[in-house]
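Okay, here's what each chain looks like letter by letter:
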Amino acid sequence: QVQLRESGGGLVQAGGSLRLSCAASGRTFSTYTMGWFRQAPGKGREFVAAVKGDTISTYYTDSVKGRFTIARDNAKNMMYLQMNSLKPEDTAVYYCAACPPGLGFSLRTADYNYWGQGIQVTVSS
């Protein structure tokens, strides 16, 4: 069982930065691939980035490559998303999620069996 809670969202101007954090409970945190998803108003939930338990292997959706950086600290049961050069189209509710080992970098929400409650990120133009 893994419980997740996001923090760090808010309102920022275009071009600005935010850092999201995801605090996880559970002894097996380091075995899970951790991901960030987001959902804009009227749209489906989309994959943003993921990091494997080795803390090195990462994967990003094309729209955030070069602007967002995902990281995790297994000793602290924490995951982060550093978001730079934010754009109005990044506005969404952001969710952290945990995917069991063995599925690689899944972009499918169905493969992630633990989710946080979500946190709002709003980028003004």
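Everything numeric in this text was worked out from a predicted model, so none of it was measured.

What follows is about the state of the cysteines. Considering all chains together, one arrives at one disulfide under this definition. Disulfide pairing is shown between Cys-22 and Cys-96; the S-S distance is 2.2 Å. Handedness here is read from the sign of the S-S torsion; for Cys-22 and Cys-96, about 60 degrees, the answer is right-handed. Taken as a pair, Cys-22 in strand 3 (residues 18–25) and Cys-96 in strand 9 (residues 92–99) lie far apart in primary sequence, 74 residues in all. The pair formed by Cys-22 and Cys-96 is uniform in burial state, with each residue classed as buried. With no disulfide of its own, Cys-99 lies closest to Cys-96 among cysteine sulfurs, the gap being 13 Å.

Rules of the game
Here the residue numbering is sequential within each chain, running from 1 through the sequence in written order. Local features in a predicted model are, by the rule used here, given only for residues with pLDDT of at least 70; side-chain atom pairs are given and counted only at 80 or more, and totals for whole chains, interfaces and linings are based on all residues. No hydrogens and no water enter the side-chain calculation; it runs on all heavy atoms of the structure. When two cysteine sulfur atoms lie within 2.5 Å, the pair is treated as a disulfide. Numbering of helices and strands runs from the N terminus; a helix is a DSSP stretch of H or I covering at least four residues, while a strand is a stretch of E covering at least two. The cut-offs for exposure are 20% and 50% of the maximum accessible area for each residue type, with area from a 1.4 Å probe on protein chains only; residues under the lower value are buried, those over the upper are exposed, and the others partly exposed.

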